[in-house]
Amino acid sequence: MSVFTPLARPELETFLAPYGLGRLLDFQGIAAGSENTNFFISLEQGEYVLTLVERGPVQEMPFFIELLDVLHDADLPVPYALRTTDGQALRELAGKPALLQPRLAGKHIKQANAQHCAQVGELLGHLHLATRERIIERKTDRGLDWMLEEGNKLKSHLEPAAHDLLETALAEIERCKEKILALPRANLHADLFRDNAMFEGTHLTGLIDFYNACSGPMLYDVAISLNDWCSDDDGLLDGQRARALLGAYAALRPFTASEAELWPTLLRVACVRFWLSRLIAAESFAGQDVLIHDPMEFQLRLAQRQQVSVPLPFAL
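Conventions used here
Residues numbered from 1 in each chain as written. Predicted model: local features only at pLDDT ≥ 70, side-chain atom pairs only at ≥ 80, totals over all residues. Heavy atoms only, no water. Helix = DSSP H or I, 4+ residues; strand = E, 2+ residues; numbered from the N terminus. Rg over C-alpha atoms; globule rule 2.2 N^0.38 Å. Buried < 20%, exposed > 50% of the residue type's maximum accessible area, 1.4 Å probe, protein only. Contact = heavy atoms within 4.5 Å. Areas by Shrake-Rupley, 256 points an atom, 1.4 Å probe, with all protein chains shown as cover. Lys, Arg positive; Asp, Glu negative; His and termini not counted. Charge placed at Lys NZ, Arg CZ, Asp CG, Glu CD. Pairing = 2+ DSSP bridges. Axes fitted to C-alpha atoms, helices over the stretch in contact; angles between N-to-C directions. Core = buried A, V, L, I, M, F, W, Y, C linked by side-chain atoms within 4.5 Å. Phe/Tyr/Trp six-rings, centres within 6.5 Å; stacked < 30°, edge-to-face > 60°. Parallel < 35°, antiparallel > 145°, perpendicular 65-115°, else oblique. Left-handed = near helix turned anticlockwise from the far one by under 90°. Nonpolar A, V, L, I, M, F, W, Y, C, P; charged D, E, K, R; others polar. Expected span 1.5 Å × (residues − 1). Salt bridge = Lys/Arg side-chain N within 4 Å of Asp/Glu carboxyl O.

1. Observations regarding the overall build of the protein chain
Consideration 1: Across its full length, the protein chain holds nine helices and nine strands.
Consideration 2: By the compact-globule yardstick of 20 Å for 316 residues, the protein chain fits well, its C-alpha radius of gyration being 20 Å.
Consideration 3: With respect to the principal axes defined by its C-alpha atoms, the protein chain has extents near 55 × 45 × 35 Å.
Consideration 4: Looking at the 316 residues of the protein chain, the share that counts as buried comes to 52%.
Consideration 5: Across the protein chain, contacts joining residues at least 24 apart in sequence account for 74% of those joining residues at least 6 apart.
Consideration 6: Of the roughly 14100 Å² of accessible surface on the protein chain, a fraction of 52% belongs to carbon and sulfur atoms.
Consideration 7: Of note, the protein chain has its 29 positive side-chain charges centred 2 Å away from the centre of its 43 negative side-chain charges.

So, in structure tokens, the structure goes:
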């Protein structure tokens, strides 16, 4: 179970009392997370999620709170920080920054179809449109410079084929870095995987886990999402799902010519980012009772992205 910081019932009851939401009925650690401690919380007045932030400086927490408030005000199905009766959103529990948020309806899906992907593309488009005119700046701590630095450290740990694959990708990032950073920007979710979206049937009811959110190129966010939602077990892109996601997104925010040119590169960059973070997690948490996603999944996807079969639709 991915609960880094265990909690005892008495300390949890003390923490929850100032919200005025009634007695604690039950709580349960959430096994799906891999970077933060999360609990389902049942109180007399409803169901909630408690997050203890394990990674990142406390001073950045107001960014997440503000971003989620903006998206909630735009009627997007996102969690947002509940306030105590005296107006506090960001608090501390067990020495960690802590937020209490409403629990969203729906469940994660493992097998995505074109309808699911269209919903994801549409939601991502609305997210970008809600923030592009007033971007809340936050530089990601896992951006292009991080990829170059960590990738050059890690490549010596890899077997020859993987070493060469990563080295080629890092050279492309170095070569295209300035062009990537010049692409149209907004706030990004930057982690819109299947385990961060909630569905009821084919209706998307919630988008969660914004702790990788940042400001940056919107196309990067699209690439991250498409790599997860539209890949088959061999790492290849499924054309029907990919076109559904891209078409729904482009109906809200048309892509530019510069984005179309860099599309294959951004798909590869998005693979590198998660390949590296999973390799680091596998080393850091080896032997611990923590969920570790398979780095090989993104090594395989990167290998398959050397040729990109689904072009980006854009207006000439």
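2. Regarding the sheet that holds strand 4 (residues 91–93)
Consideration 1: Here we have five strands laid out as an open sheet, ordered 1-2-3-5-4, and antiparallel in their pairing. Among the strands making up the open sheet, the edge pair consists of strand 1 (24–29) and strand 4. In this sheet, adjacent strand axes meet at a mean angle of 35 degrees when their direction is disregarded.
Consideration 2: Inspection of the sheet shows strand 4 paired to strand 5 (residues 96–102) by three bridges, in the antiparallel sense. Along strand 5, the bridge assignment pairs Arg91 with Ala98.
Consideration 3: Along the sheet, helix 1 (residues 9–16) contacts strand 1, strand 2 (37–43), strand 3 (46–52), strand 4 and strand 5; its crossing angle with strand 1, the most-contacted strand, is approximately 115 degrees.

3. Considerations on the nonpolar core
Consideration 1: Counting 82 residues, the largest nonpolar core has Met147, Phe210, Leu226, Trp229, Trp263, Val272 and Trp275 as the members making the most contacts within it.
Consideration 2: Considering every element that reaches this core, the biggest residue donor is helix 8 (residues 257–284), with 13 residues.
Consideration 3: Beyond its immediate sequence surroundings of up to four residues, Val272 is in contact with Met147, Leu166, Ala169, Leu170, Ile173 and Leu302.

4. Details of the packing of aromatic side chains
Two numbers describe a pair of aromatic rings. These are the distance of the centres and the angle of the planes.
Consideration 1: A full pass over the atoms with the stated rule returns nine aromatic pairs.
Consideration 2: Ring centres of Phe15 and Tyr19 lie 5.8 Å apart, and the angle between their planes is 55 degrees; on these two criteria the pair is classed as tilted. With respect to burial, Phe15 and Tyr19 carry one shared label: buried.
Consideration 3: Here a set of aromatic residues connected by ring pairs shows up, and it is made of Phe63, Phe64 and Tyr211.

5. Focus on the side chain of Arg278
Consideration 1: Within the secondary structure layout, Arg278 lies in helix 8.
Consideration 2: Ignoring anything within four residues of it in the chain, the contact list for Arg278 reads Phe193, His293, Asp294, Pro295, Glu297 and Phe298.

6. Examining the packing of helix 3 (residues 114–131) against helix 6 (residues 218–229)
Describing two packed helices takes the angle between their axes plus the distance from one axis to the other.
Consideration 1: Two elements in contact, helix 3 and helix 6, have axes separated by 11 Å at closest approach and are oriented at 160 degrees. Accordingly, the angle class assigned to the pair helix 3 and helix 6 is roughly antiparallel. Of the two possible hands of crossing, helix 3 and helix 6 adopt the one that is right-handed. In this structure, helix 3 contributes His116, Cys117, Val120, Leu124 and His128 to the contact, and helix 6 contributes Met218, Asp221, Val222, Ser225 and Trp229.
Consideration 2: Classifying every residue of the contact of helix 3 with helix 6 by side-chain character gives six nonpolar, three polar and one charged.

7. Considering helix 6
Consideration 1: Taking 1.5 Å as the rise per residue, helix 6 with twelve residues should run 16 Å; its terminal C-alpha atoms sit 17 Å apart, in good agreement.
Consideration 2: Within helix 6, twelve of the twelve residues are buried, which leaves the element mostly enclosed by the surrounding structure.
Consideration 3: Among all positions in helix 6, only Met218, Leu219, Tyr220, Asp221, Val222, Ala223, Ile224, Ser225, Leu226, Asn227, Asp228 and Trp229 are buried.

8. Topic: the pattern of salt bridges
Consideration 1: Using the criterion set out here, one finds 19 salt bridges in the structure.
Consideration 2: With a shortest N-O distance of 3.3 Å, Glu13 and Arg9 are connected by a salt bridge. Of this pair, Glu13 and Arg9 both sit in helix 1, separated by four residues, roughly a single helical turn.
Consideration 3: Here Arg278 and Glu297 are joined by a salt bridge, their closest N and O atoms 2.6 Å apart.

9. Structural notes on the packing of helix 6 against helix 7 (residues 239–252)
Consideration 1: Interaxial distance between helix 6 and helix 7 falls to 10 Å at its minimum, and their mutual angle equals 150 degrees. Classed by the angle they form, the pair helix 6 and helix 7 counts as roughly antiparallel. Relative to helix 7, the crossing made by helix 6 is right-handed. The residues of helix 7 that touch helix 6, namely those facing Met218, Val222, Leu226 and Trp229, are Arg241, Ala242, Leu245, Leu246 and Tyr249.
Consideration 2: Here the residues of the contact of helix 6 with helix 7 are counted per class, giving eight nonpolar, no polar and one charged.

10. What about unusual backbone geometry?
Consideration 1: A positive phi angle, near 65 degrees, is found at Asp75, a position not held by glycine.
Consideration 2: Its place among the elements puts Asp75 in the loop between helix 2 (61–73) and strand 4.

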